[in-house]
Amino acid sequence: MTVEREKLVLIGNGMAGVGTIEQILKLGGAYDITIFGSEPHPNYNRIMLSYVLEGSKSIEDIILNDRQWYEDNNITLHTGTTVVRIDEASRQIVTDNGMSVPYDKVIIATGSNSFILPVPGSTKDGVVGFRDIADCDAMLAAAQQYRTAAVIGGGLLGLEAAKGLVNLGMDVTVVHLLEDLMERQLDHTASSMLQAELERQGVKFAMGKQTVELTGEERVNGLRFSDGTELQSDFVVMAVGIKPNVQLAKDSGITVNRGIVVNDYLQTSMANVYSVGECTEHRGTCYGLVAPLFEQGMVLAKHLCGASTQPYEGSVVATKLKISGVDVFSAGDFTETAEHTVISAKDEWKRTYKKILLRNNIIVGAVLFGDVTESASLQKLVKQGTEMTDEIYGEVMGTGCCGGGSAKKGLSVETMADEEIVCGCNGVTKKAIVDAVTENGFTTVDEIKACTGATRSCGGCKPVVEQILQFVLGDSFQESAKQGICGCTTLSRDEIVAEITAKGLKTTKEVMNVLGWKQAEGCSKCRPAVNYYLGMIYPDTHEDEKESRFVNERMSANIQKDGTFTVIPRMYGGVTTPEDLRRIADVSLKYNVKVVKVTGGQRLDLVGIQKEDVPKVWEELDMPSGYGYAKSLRTVKTCVGSQFCRFGTQDSMGMGAFIERKYERLDLPAKFKIAVNGCPRNCAESCTKDIGIVGNDGGWEVFIGGNGGIKPRIADAFCKVKTDDELIEICSAVIQYYRETGNYLERTSEWVERMGLENIQNVILNNEDNRKELAARIDFALAQVTDPWKKMLNDDSTRTALFEKARV
Amino acid sequence: MDSAKQEYAVGPVQSFLPQIGRVVTAGNLELAIFRTSDGAFYAVENSSPHPKGGPLAEGIVSGHYLYDPLYDWKIDLRSGEVQAPDHGTVATFPVSLDGDIVKVSLQQAVFQS
């Protein structure tokens, strides 16, 4: 018989509660754990909903613990179940679906709800809060259907919601009661700088407006304000605050003020019942940010595991806005009164602002805008109530101007408590980071990220992690902090390429052995990179290593998330024929292609082909591969041009097809796109291509470094040429120079900025010998390329091993 | 005999390219079999422990680690353990060599659908 363990019930499957359970598990707490959650999802990272809205993360990405985690830790999880009462007399908790579960200890972590303004019309369709996945889904759906949105509330959440909706293409107005945004965290100066920045990013503002009614029939169509003015809007997000979710506690007879009242050990008024997170009120304060809930959870976990712990004495809250390109920070006091001494610096050109408040020479608060590199040290100084000294002043204010100069780091992490949360997103303590350095020998931020998760989400804590690294490693920091191309080496791309040439290294294995790789066979980052560098250096002799290729390139087709593949036949210059179209249709029908899609580069995507059918599809298509998967020339997009268009001055279709044929199949550092236009109307959108070519009456204009992808960039004007031959020579030289100097996976948009446009122009335009040599080198490399599909179809054993499933 | 295990031949050694996975279906189970550079063989279920799932056979193999092809999770082929900071486990199956033939040991139950 095993010993009966105490029963611990957690009510609320959110970050605060599950964070506490994780700590309890780490401390080896001997409990039988049951968790109840009202939402149907496992535990997710609520503060990252802004990223889901922004589109940079999916809901799956923000799940913190999947169902397997609960199983692995023997935790009984009931999702979609709401606890309605804790019965102290019988020591049972009671749920809405009639369950009764006995307990020895209970943690209430029911969080909070959006506060919905009690104005007429607030229950109409199209009015949501911004609190959970359902709200987020509603906002994503609204952006598909409607054009205008109003966000009521100019606080942290409201601004994040507004920016998210702007990114989704809506016309968004933020309605705020006061004249200053984020007035609970920022002073007037920072607030107006913030407003100006957000206006630049497309957010509109209606300041000093009190909403008195939401208008419309069933669905909202506008807002009416107390001054009689109105704002038309198809969708309204209420982000005016949160309301601790205390119903359960109230119904169970637990003392509730604004939140559930707890003492310094998170105990409520009912014996054996505890409370953490946003539903909790501690010393009169309810917290709505993430760091305090981890701090509370840590104290509670220790208390429940019988470990010694300091009492929880409240948190210093610091604010960071999760909007890309808008850096705002505040901690402690920020509005100055007569008793404060104020140190401030504002730079209107750099758009930065820094303010530090002292009371009796003690640092009690700070506000930063535009440059938040000092946020970690300032938060620390405020929290510890540090006295201002010349040394600290020099450190945080630099020579007195904004931005701080080269401040000496490390002072504050030294005195940081082990238990202090460094990464608020993932609840990583200073101790966890120090342990990762001392016990596992990690020396870089990337390694710390991989091991502990710190810096993995919003990245705001990266400066502190760096400071801790520096502090723990001391003098060895500089040396070890040098970043290689991945965690396997400290060598940079240029060093690796130089060593390959100097030592005549021929295979990735040789490179890794000779250059002392930490992981003998590298990883998924360096193996493809080194394989590329070898092919670039030895175009005629390097034997391409299939095992070092990312799946898409190894299989010459794009893998989809269900393991099926996408095939894209080549259509040079975006031109096809009725005969080819018929063949594509026949093959698609025969192999049950799920979707035929026109790609962004004017080609046909055959989506959803079974892995074992891929070679047959290629064989029956009998067309070259479109390389939609490759780090090489993807497509040359064209307009109709002089062949048919009344405005066309140059034959863009002919030139596009010629260029696509000439450069196809050659490996490049990253994917590469070209466009050719017949006239300056630019219908093929050459301004967002790696090379954009625009025909004019007397020749061609060449643009380079454009990108329409993750980091959009308009191409730089590179040169003008008169003849087709000159055009080809310039293209050859640009592509080869990029091949020889680009970092693996570096797009030309980044490459142009790193190398400098002028430098590239010097190398290629002002030095004819150089240009001709580059063009000759790419022609030599191009002479070596072969059609991988023909090769694969003639190599039965490789094809079988790669594509066919064995059966037993 | 619910736990009866049996060895099934999945093909000769040469039909597995070094460091490149191969899919083998066994009844209603799909396996990904890997031949590492030291000549060892490993078999795992061809299904990523990532919440979105997906295949594993097409990943990059380094030593006895696999980088999954869709999400780049690092998985120890010996234990099936996903490496930090991600977590999860993929089912592993014993593989043996009988002369030139690769054999994988499976529960008979796999074949009773």
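Participant: I tried to follow unusual backbone geometry on my own but got confused; where do I start?
Facilitator: Note: most residues except glycine have negative phi, and most peptide bonds are trans. Residues and elements named next belong to chain A. Phi is positive for Asn361, which is not a glycine, with a value near 70 degrees. Relative to the assigned elements, Asn361 resides in the loop between strand E26 (352-359) and strand E27 (362-369). The backbone of Leu745 shows a phi angle near 75 degrees, a positive value even though the residue is not glycine. With respect to the helices, strands and loops of the structure, Leu745 is situated in the loop between helix H23 (724-741) and helix H24 (748-755).

Participant: Help me understand the pattern of salt bridges in this model?
Facilitator: Pairing between side chains of opposite charge can happen when the charged atoms of each approach one another. Residues and elements named next belong to chain A. Applying the stated criterion across every chain, the model contains 46 salt bridges over all chains. Asp171 serves as the salt-bridge partner of Lys204, at 3.1 Å between the closest nitrogen and oxygen. Pair noted here: Lys204 is in strand E14 (residues 204-207) and Asp171 is in strand E13 (residues 171-176), with a separation of 33 residues, a long-range link. Taking the relative accessible area as the measure of exposure, Asp171 reaches 21% and is therefore partly exposed. In this structure, Lys346 engages Glu348 in a salt bridge whose closest nitrogen and oxygen atoms are separated by 3.1 Å. On the basis of relative accessible area, Glu348 is assigned to the exposed category, the value being 61%. Via salt bridges that share partners, Asp544, Arg549, Glu553 and Asp667 belong to a single interconnected network.

Participant: Which parts of the structure should I look at to understand the pairing of strand E9 (residues 105-108) of chain A?
Facilitator: The side chains of a regular strand alternate, first on one face of the sheet and then on the other. Residue and element names in this part refer to chain A. Taking every second residue as pointing to the same face, both faces of E9 are buried, with Lys105 and Ile107 on one and Val106 and Ile108 on the other. For strand E1 (residues 6-11) and E9, the ladder comprises 4 bridges, and the chain directions are parallel. Across the sheet, the residue bridging to Leu10 is Ile107, located in E9. Across 3 bridges, E9 lies against strand E21 (residues 273-275) in parallel orientation. Across the sheet, Ile108 pairs through a bridge with Ser275, a residue of E21.

Participant: I tried to follow the packing of helix H16 (residues 493-503) of chain A against helix H18 (residues 526-537) of chain A on my own but got confused; where do I start?
Facilitator: All names here are of chain A. Put simply, H16 and H18 touch, their axes get as near as 11 Å, and they point 50 degrees apart. Considering the angle they form, H16 stands oblique to H18. Viewed along their axes, H16 and H18 form a crossing whose handedness is right-handed. Touching Arg493, Val497, Ile500 and Thr501 of H16 are Tyr533, Leu534, Met536 and Ile537, all from H18. Within the contact of H16 with H18, the residues separate by chemical class into 6 nonpolar, 1 polar and 1 charged.

Participant: It is not clear to me how the interface of chain B and chain A should be interpreted in this structure. Could you clarify?
Facilitator: A common way to report how large an interface is uses the accessible area buried once the components associate. Listed as interface residues are 38 residues of chain B and, on the opposing side, 41 residues of chain A. Both sides of the chain B and chain A interface together cover about 3100 Å² of buried area, and 54% of this is carbon and sulfur. Inspection of the chain B/chain A interface yields 2 salt bridges. A salt bridge links Glu30 of chain B to Lys805 of chain A; the nearest nitrogen and oxygen atoms lie 3.2 Å apart. Here chain B and chain A share 19 residue pairs in polar contact (both at pLDDT 80 or more) between them. Of all the secondary structure elements, the ones that give two or more residues to the side of chain B that touches chain A are strand E1 (5-12), strand E2 (22-26) and strand E5 (60-62) of chain B. Of all the elements, E2 of chain B adds the most residues to the side of chain B that touches chain A, at 5 residues.

Participant: Please explain the sheet that holds strand E16 (residues 220-225) of chain A as it appears in this structure.
Facilitator: Paired through backbone hydrogen bonds, the strands of a sheet run either parallel or antiparallel to each other. Residue and element names in this part refer to chain A. One open sheet holds the 3 strands; their spatial order is E15-E16-E17, and the pairing between them is antiparallel. Each edge of the sheet is formed by a strand with only one pairing partner; in this case those strands are strand E15 (211-216) and strand E17 (230-232). Within this sheet the neighbouring strands show an average axis-to-axis angle of 25 degrees, counted without direction.

Participant: It is not clear to me how the nonpolar core should be interpreted in this structure. Could you clarify?
Facilitator: Taken as a class, soluble globular proteins show a tendency for nonpolar side chains to be buried jointly. Residue and element names in this part refer to chain A. By size, the foremost hydrophobic cluster in this structure holds 47 residues, and its most contacted members are Met139, Leu159, Leu165, Leu194, Phe235, Val237 and Leu321. Those elements that provide at least two residues to this core are helix H2 (49-54), helix H4 (133-145), strand E12 (148-152), helix H5 (156-167), E13, helix H6 (188-200), E14 and E27. Apart from the residues lying within four places of it in its own chain, the contact partners of Phe235 are Gly126, Val128, Ala138, Met139, Ala142, Thr148, Ala149, Ala150, Leu165, Met170, Arg219 and Val220.

Participant: Please clarify how the environment of Glu740 of chain A should be interpreted in this entry.
Facilitator: All names here are of chain A. Topologically, Glu740 is positioned in helix H23. Spatially, the C-alpha atoms of Glu740 and Pro669 are 8.8 Å apart, while their sequence positions differ by 71 residues. Setting aside residues no more than four positions away along its own chain, Glu740 makes contact with Arg493, Met536, Leu774 and Arg777.

Participant: Looking at this model, I keep getting lost on the pairing of E1 of chain A. Mind explaining?
Facilitator: All names here are of chain A. Sheet topology note: the E1/strand E2 (residues 31-36) ladder contains 6 bridges and is parallel. Looking across to E2, one finds that Glu6 is bridged to Tyr31. Tracing the backbone out of E1, into helix H1 (residues 15-26) and back to the parallel element E2 gives a crossover that is right-handed.

Participant: Which parts of the structure should I look at to understand the sheet that holds strand E5 (residues 76-78) of chain A?
Facilitator: All names here are of chain A. If you trace the 5 strands from one edge of the open sheet to the other, you get E5-E2-E1-E9-E21, paired in parallel fashion. Only two strands of the sheet have a single neighbouring strand rather than two, namely E5 and E21. Strand-to-strand twist across the sheet, computed as the mean angle between neighbouring axes with direction ignored, equals 20 degrees. Seen against the sheet, H1 touches E1, E2 and E9 and runs at an angle of roughly 150 degrees to E1.

Participant: How do you make sense of the confidence of the model for chain B when you look at a structure like this?
Facilitator: Close reading of the predicted structure is inappropriate where its pLDDT is low. Overall, the prediction assigns chain B a mean pLDDT of 89, with 92% of residues at 70 or greater. Confidence metrics for the complex model read pTM 0.54 and ipTM 0.90.

Participant: What exactly am I supposed to notice about the packing of helix H12 (residues 430-440) of chain A against helix H13 (residues 445-452) of chain A here?
Facilitator: Two quantities define a packed helix pair, namely the angle between the helix axes and the distance between the axes. Residue and element names in this part refer to chain A. H13 packs onto H12 with a crossing angle of 110 degrees between their chain directions and a minimal axis gap of 10 Å. It follows that H12 is roughly perpendicular to H13 by the angle criterion. For the pair H12 and H13, the contacting residues are Ala432, Ile433, Ala436, Val437 and Asn440 in the first and Ile448, Cys451 and Thr452 in the second. Here the residues of the contact of H12 with H13 sort into 6 nonpolar, 2 polar and no charged.

Participant: I would appreciate a short explanation of the environment of Asp622 of chain A in the present structure.
Facilitator: Residues and elements named next belong to chain A. Along the chain, Asp622 falls in the loop between helix H21 (614-621) and strand E34 (633-638). Residue classification places Asp622 among the exposed positions, given a relative accessible area of 58%. Sequence separation between Asp622 and Ile584 is 38 residues; the distance between their C-alpha atoms is 9.8 Å.

About the cut-offs
Residues numbered from 1 in each chain as written. Chains lettered and ligands numbered in written order. Predicted model: local features only at pLDDT ≥ 70, side-chain atom pairs only at ≥ 80, totals over all residues. Heavy atoms only, no water. Helix = DSSP H or I, 4+ residues; strand = E, 2+ residues; numbered from the N terminus. Salt bridge = Lys/Arg side-chain N within 4 Å of Asp/Glu carboxyl O. Buried < 20%, exposed > 50% of the residue type's maximum accessible area, 1.4 Å probe, protein only. Pairing = 2+ DSSP bridges. Axes fitted to C-alpha atoms, helices over the stretch in contact; angles between N-to-C directions. Parallel < 35°, antiparallel > 145°, perpendicular 65-115°, else oblique. Left-handed = near helix turned anticlockwise from the far one by under 90°. Contact = heavy atoms within 4.5 Å. Nonpolar A, V, L, I, M, F, W, Y, C, P; charged D, E, K, R; others polar. Buried area = accessible area lost by both parts, 1.4 Å probe. Polar contact = N/O pair within 3.5 Å; in protein donor to acceptor, adjacent residues only side chain to side chain. Core = buried A, V, L, I, M, F, W, Y, C linked by side-chain atoms within 4.5 Å. Right-handed = clockwise from strand over helix to strand, strands pointing away. pLDDT = per-residue confidence, 0-100.

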